[in-house]
Amino acid sequence: MLYVELTIQGIVQGSIYALIALGLTLVYGLLRILHVAHAALFTLGGYIGVIVTNQTGSLTLAIVAAAIIVGLVGMAVYKLAYEPLLSQPPYIALIASIALFIASEELYRIIFGPYGLSYTVQPMSGHIELFDGFRLKYVEILVISMSVVILSVLGYLSLHSRMGIAWRATVTDPSMAQAFGVNIQNVRYLNFFIGSALAAIAGVLVALLNNFVEPTMGSVASYKALAIIVLGGLGSIRGTLLAAMLLGVIESFGTIYLGHLIDRDALAFAFLILVLMVRPQGLLGAK
Amino acid sequence: MTIKTTLLAMAVSTFALTGVAQADNIKIGFNVPLTGFAAADGKSALNGAELAVEQVNAKGGINGNMLELVVYDDQASPKEAVPIAQKLIEKDGVVLGISGSYSGSTRAAAGIFQEASIPYIAAYAIHPDITRAGDHVFRTAFVGEVQGRAGAKLIGEMLGKKRVVIITLKNDFGKSLAAGFKEAAAKFGIEVVSEYEYSIKDRQFGPIVSKVKSDKPDAIYASGYFFTAGPLVSQLRSAGIEVPIIGQEGYDSQKFIEIAGAASDGILITTSLDRDSSVAETKDFISAFEAKAGHKVDMVAASAHTAVHVAAAALAKAGGMDSAKLRDAIAATNLLTSIGTISFNALGEVQKDVQVQVVKDGNWHHHSVISDAALLAPPVK
């Protein structure tokens, strides 16, 4: 019974990781940039979620607002920070990204205050009783179902919509895609919009799980999402999703059975090293 | 030309004025995290310290000289705290230093103050090594072990709960609380069923909560700060765990109640500030702080406020800024402050009662007082 609960907790955590890491892997697949500042957008999503919910009382509106606003901010980050650096070696963009991330933490602290924010009335605070006193919280159901629905819809669109096909073509061969009339600029904007919106939704969901957002909320997400996309095989979307879920479950069990030996965060990297020793290209990466 | 001259004259006179004013001021150094992960506590501590300075100055300062707080942001980081301590001593020429910061940075700065023979008071940093830096270092907060022992008495004797799960924040704060708790547990008939550890970055405790549920304890002793304890308590309660949860001063903030919401009701903590106190010092502090800061009072604010008052009383008693006299005056402190009457032992550790507070209707309230001098005896070496 305990194992079932731990597995479910792992899947909840894995769903959050998946939403965050997907944006990162999308950016890497397209531009070969390690977008550390992605985690700052996750935090911004959390803040917008709490503020809009507290002002309007509507969680749905909050999720939509967070996704759209943060999606636009993500596009702006690309336009202002990354686009001017595309001709430079990738580590220049990485440095810019880290700087942006650190600056954003302090910016949130100045704008929203150092104490963090909570929902005045926490939405979805109920639960269903499954078996033997085992509870599944509405929030946890929301987390799992939202990530499944969102990721399936995106997967479908990438295979069957014009924009999705253009996006896949651009990832495979940008110059060829351009020669066939794909507007690369639009593809990049869309990429940043979707990736950032997903991070924002993850931010709102984490804010719901914890009833708390704080300026440094993205700090764990920033490096763990990097570990996940490396683990999955850089740029591989399926690999990222698999890695996110695996890591969620491994952390869940590891916290209980290895907690005295190794930190939950260190666990992710220990697992990463183990996998890379056997499969240097990551779980589902191309050789 | 005229404008230039006027400006020059203004600049000169301003300089002269500040020059004169500063010569008369007594400077107290204050390192505090104003940015980074501990900025929330830093902000409260700074407000508490500033309030104490304002109160002292409003009453005419120290023998006519005004107190001046020289504040630097140490980001709760040892590598920031070292140059700050040096700057405070060498450049600013402070007569004493106060830490409004966490253990890591306080420990680093304590050695520097000790070496310069300048007194240094840790307001709420709890690592045992801080006062071991030497005879010039004092602390107005309990070391973790003392508070851990108080927690054991509260759970085992006062609440009569014997099967206890410990959830420990994996840093010096949480570890020393757990050590003190376990040390005294047997004395109060407590059986520690199991202990789990989490990192300061964790906000999601799903796996631990599931495991605690299967442990079926009578009570939970959980260390943490409001930003970890809020989510932790809320997740324990929403999983259907209804047993008493006992925390410590790290919870001691209105923010904890905001984050945990209804789940915070009935949570007990061992701390130093009594919200329902009838003592004038405490009542004045609480109302003045809330007017100044615009939010409810917390433990770090009270501790920083106390540390400044200890410094001010010692300055008045020493009758000058001589470091040796000032040190002796602090060591001989017996002062009624916002956190009760305090004195220091030979190591510079505070001796005071432990306040037990409970959350009722969304506010911290008086529950009980633990004043067992033998149990609460701080380390002497």
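Numbering of residues starts from 1 in every chain and runs along the sequence as written. Chains carry letters from A onward and ligands carry numbers from 1 onward, assigned in written order. Given that this is a predicted model, residues contribute local features only at a pLDDT of at least 70 and side-chain atom pairs are listed and counted only at 80 or more, while totals for whole chains, interfaces and linings are drawn from all residues.

A.B. asks: Mind laying out the domain arrangement of chain B, listing which residues take part and the relevant values?
C.D. replies: By a frequent convention, interface size equals the accessible area lost on bringing the separate parts together. All names here are of chain B. For the domains described, the bounds stem from an automatic or database domain assignment. As far as domains go, chain B holds domain 1 (2-142 + 278-348) and domain 2 (144-271 + 355-370). The C-alpha-based centres of domain 1 and domain 2 are spaced at 31 Å. By the convention adopted here, residues make contact when the C-beta atoms placed from their backbones lie within 7 Å. The partner domain 2 presents 11 residues to the 9 residues of domain 1 that form the contact. Counted by class, the side of domain 1 that touches domain 2 contains 4 nonpolar, 3 polar and 2 charged residues. Nonpolar residues are Ala, Val, Leu, Ile, Met, Phe, Trp, Tyr, Cys and Pro. Charged residues are Asp, Glu, Lys and Arg, and all others, Gly as well, are polar.

A.B. asks: Would you mind going over the sheet that holds strand 10 (residues 268-271) of chain B in detail, with residue names and values included?
C.D. replies: All names here are of chain B. We call two strands paired when DSSP finds no fewer than two bridges between them. The numbering of helices and of strands both runs from the N terminus, where a helix is a DSSP run of H or I of at least 4 residues and a strand a run of E of at least 2. The mixed open sheet is built from 7 strands, whose spatial order is 7-6-8-9-10-14-15. Across the chains shown, the open sheet's two edge strands, defined by having one partner strand only, are strand 7 (191-198) and strand 15 (363-370). On average, each strand axis in the sheet is inclined to that of its neighbour by 25 degrees, with strand direction left out of account. With 2 bridges joining them, strand 8 (residues 219-222) and strand 9 (residues 245-248) adopt parallel strand pairing. In the sheet register, Y221 faces strand 9, and the bridge partner there is I246. Relative to strand 7, helix 8 (residues 206-215) is tilted by about 175 degrees, and along the sheet it contacts strand 6 (163-169), strand 7 and strand 8. Fitting a line to C-alpha atoms yields each axis, with helices limited to the stretch in contact; the angle taken between N-to-C directions then spans 0 to 180 degrees.

A.B. asks: So, the pairing of strand 2 (residues 67-73) of chain B: which residues are in play, and what are the values?
C.D. replies: On a regular strand, one side chain projects to one face of the sheet and the next to the other, so that they alternate. All names here are of chain B. Judged from the 7 bridges that link them, strand 1 (residues 26-32) and strand 2 form a sheet pairing that is parallel. Pairing of N31 across the sheet is with Y72, part of strand 2. The crossover handedness rule: strands pointing away from the viewer, path from first strand over the helix to second strand clockwise, crossover right-handed. For the segment spanning strand 1, helix 2 (residues 39-58) and strand 2, crossover handedness is right-handed.

A.B. asks: I'd like a rundown of the sheet that holds strand 1 of chain B, residues and numbers included.
C.D. replies: Residues and elements named next belong to chain B. An order of 2-1-3-4-5 is seen for the 5 strands of this open sheet, with the pairing classed as parallel. The open sheet has two edge strands, strand 2 and strand 5 (137-139), and neither has a second partner. Averaged over all adjacent pairs, the angle separating strand axes in this sheet is 25 degrees, with direction ignored.

A.B. asks: Account for the nonpolar core, naming residues and giving values.
C.D. replies: The term nonpolar core refers to a set of buried Ala, Val, Leu, Ile, Met, Phe, Trp, Tyr and Cys residues connected through C-beta atoms within 7 Å. Backbone-placed C-beta atoms define the burial measure: a residue is buried with 20 or more other C-beta atoms within 10 Å of its own, exposed with 12 or fewer, and partly exposed in between. Among the nonpolar cores identified, the biggest contains 214 residues, and A200(A), I201(A), I28(B) and A311(B) are the most heavily contacted of them. Here this core gets 17 residues from one element, more than from any other, and that element is helix 8 (residues 184-210) of chain A. What A311(B) contacts, discounting residues up to four positions off in sequence, is I28(B), L96(B), I98(B) and I121(B).

A.B. asks: If you had to explain the packing of helix 10 (residues 237-257) of chain A against helix 11 (residues 264-278) of chain A to someone new, which residues and values would you point to?
C.D. replies: Residues and elements named next belong to chain A. Their axes nearest at 10 Å, the elements helix 10 and helix 11 cross at an angle of 130 degrees. By the angle between their directions, the pair helix 10 and helix 11 is classed as oblique. For the pair helix 10 and helix 11, the sense of crossing is right-handed. Across the interface between the two elements, L247, I250, E251, G254 and T255 of helix 10 pack against R264, L267, A268 and F271 of helix 11. Broken down by class, the residue content of the contact of helix 10 with helix 11 amounts to 5 nonpolar, 2 polar and 2 charged. Comment on the angle field: the value is read as roughly parallel under 35 degrees, roughly antiparallel over 145, roughly perpendicular from 65 to 115, and oblique elsewhere. Take the far helix as the reference: if the near one is turned anticlockwise from it by less than a right angle, the crossing is left-handed, and if turned clockwise, right-handed.

A.B. asks: So what's going on with unusual backbone geometry? Which residues, and what values?
C.D. replies: Leaving glycine out, the prevailing phi sign among residues is negative, and the prevailing peptide bond configuration is trans. Phi at R32(A) is positive, roughly 60 degrees, even though this residue is not glycine. Within the secondary structure, R32(A) is located in the loop between helix 1 (2-31) and helix 2 (38-56). Unlike most non-glycine residues, Q75(B) shows phi in positive territory, near 50 degrees. Examined against the element boundaries, Q75(B) turns out to sit in the loop between strand 2 and helix 3 (78-91).

A.B. asks: For helix 9 (residues 218-232) of chain A, give the residues involved together with the corresponding values.
C.D. replies: All names here are of chain A. Along its 15 residues, helix 9 runs 21 Å from first to last C-alpha, staying within 8% of the 21 Å computed at 1.5 Å per residue. Summarising the contacts, the buried residues of helix 9 are in contact with helix 1, helix 2, helix 4 (90-112), helix 10 and helix 11. Downstream of helix 9 by a residue or two, G233 has a phi angle that is positive, lying close to 105 degrees. Helix span, expected: 1.5 Å multiplied by one less than the number of residues in the helix.

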